[in-house]
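Descriptive analysis of the structure
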Amino acid sequence: MSLALAPLDVSVEMEANLPCRKFDPDLWFSDSPAELELAKSLCGDCPLRVECLAGAVERAEPWGVWGGEIFERGAVVPRKRPRGRPRKEDLARDAALRVEAEARLAASGLSESRNAVRLAA
């Protein structure tokens, strides 16, 4: 069989359009909160976003950006905080972001996965 007659592998073409395949993979596993926010924003238009997030929830990914959400120690966190003690307004913003993340997961139908997704406190 010649290569000209080999079937076209559509998955290879699709992977080329995924943000995590186009950009530096280290961006999705950065220590910098700003870089993680950039990675989250790049996931917004990804055609596999929901499947990626569902897989990460199922595997309890220890860290990184998966499906547009940040995982830390197997839980979804609203945003990665820099080192040091958080300011009071940051704590309030985190609480609001946690509610938003829960709502987005519920809207995606992922909140029932693994008996509800565990969100980090």
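Just so you know, the residues in each chain are numbered from 1, in the order the chain's sequence is written. Only residues with pLDDT of at least 70 are given local features in this predicted model, and only at 80 or more are side-chain atom pairs given and counted; all residues enter the totals for whole chains, interfaces and linings. The side-chain values count all of the structure's non-hydrogen atoms but skip hydrogen atoms and water molecules.

1. Things to note about the confidence of the model for the protein chain
Heads up, the rule is: One number per residue, pLDDT, summarises how confident the predictor is, and it ranges from 0 to 100. A run of H or I in DSSP becomes a helix once it reaches four residues, and a run of E becomes a strand once it reaches two; helices and strands are each numbered from the N terminus. Whether two residues touch is decided by their heavy atoms; if any such pair falls within 4.5 Å, the residues are in contact.
The predicted model of the protein chain has a mean per-residue pLDDT of 77, with 73% of residues at 70 or higher. Between the elements of the protein chain, mean pLDDT differs from a low of 56, seen in helix α1 (residues 10-16), to a high of 94, seen in strand β1 (residues 63-66). Residue range residues 1-10 is modelled with pLDDT below 50. Its contacts to residues more than four positions away, or to other chains, number two contacts.

2. Describing helix α4 (residues 49-59)
Where we set the bar: For each residue, the accessible area found with a 1.4 Å probe, counting protein chains only, is set against the maximum for its type, and the residue is called buried under 20%, exposed over 50%, and partly exposed in between.
Turning to α4, its buried residues are L53, G55, A56 and V57. Among the structural elements, β1, β2 (69-72) and α5 (88-107) are those in contact with the buried residues of α4. Note on α4: the residue one or two positions beyond its end, A60, has a positive phi of about 50 degrees.

3. A few points about helix α3 (residues 33-43)
Rules: Each direction from the helix axis to a C-beta atom contributes to the arc, which is the arc of those directions.
Within the span of α3, buried status applies to L36, A39, K40 and C43. Along the long axis of α3, the arc covered by the buried residues comes to 100 degrees, so they all point the same way. If you follow the buried residues of α3, they end up packed against α4, β1 and β2.

4. Considering the nonpolar core
Our working rule: Here, nonpolar core means buried Ala, Val, Leu, Ile, Met, Phe, Trp, Tyr and Cys residues that are tied together by side-chain atoms lying within 4.5 Å of each other.
L27, W28, L36, A39, C43, V65, I70 and V77 form the largest nonpolar core, which has eight residues in total. Sort the elements by how many residues they give to this core and α3 lands first, with three residues. Core analysis: the second largest hydrophobic core is formed by seven residues, L53, A56, V57 and L105 among them.

5. What about the pattern of salt bridges?
Should their charged atoms come close, side chains of opposite charge can pair. Quick reminder of the rule: In the sections that follow, a salt bridge refers to a side-chain nitrogen of Lys or Arg positioned within 4 Å of a carboxyl oxygen of Asp or Glu.
Within this structure, the stated rule accounts for four salt bridges. With its nearest N and O atoms 3.8 Å apart, the salt bridge here joins K40 to E37. Placement of the pair is K40 and E37 together in helix α3, with a separation of three residues, close to one helical turn. Judged by relative accessible area, which is 34%, E37 ranks as partly exposed. Ionic pairing is found between R104 and E69, a salt bridge with its closest N-O pair at 3.3 Å. One end of the pair, R104, is in helix α5; the other, E69, is in strand β2, and 35 residues separate them in sequence. Since its relative accessible area comes to 30%, R104 is described here as partly exposed. Among the residues examined, E69 registers a relative accessible area of 1% and is labelled buried.

6. As for the side chain of K40
Owing to a relative accessible area of 14%, K40 belongs among the buried residues under this scheme. Dropping the residues within four chain positions of it, K40 is found in contact with V65, G68, E69, I70 and P78.

7. A few points about a negative patch on the surface
Here is the rule we go by: Note on patches: the residues involved have over 30% relative accessible area and no salt bridge, like charges join within 9 Å, and the nonpolar side chains Val, Leu, Ile, Met, Phe, Trp and Tyr join within 5 Å. Residue burial considers only the protein chains on display, and all accessible areas are found by Shrake-Rupley using a 1.4 Å probe. Within this scheme the basic residues Lys and Arg register as positive and the acidic residues Asp and Glu register as negative, but His and the chain ends are omitted. Where a charge lies is defined by one atom per residue type: Lys uses NZ, Arg uses CZ, Asp uses CG and Glu uses CD.
A cluster of like negative charges, contributed by D24, D26, D31 and E35, occupies part of the molecular surface. Examined against the element boundaries, D31 turns out to sit in the loop between α2 (19-22) and α3. Looking at D31, the relative accessible area reads 64%, which means it is exposed.

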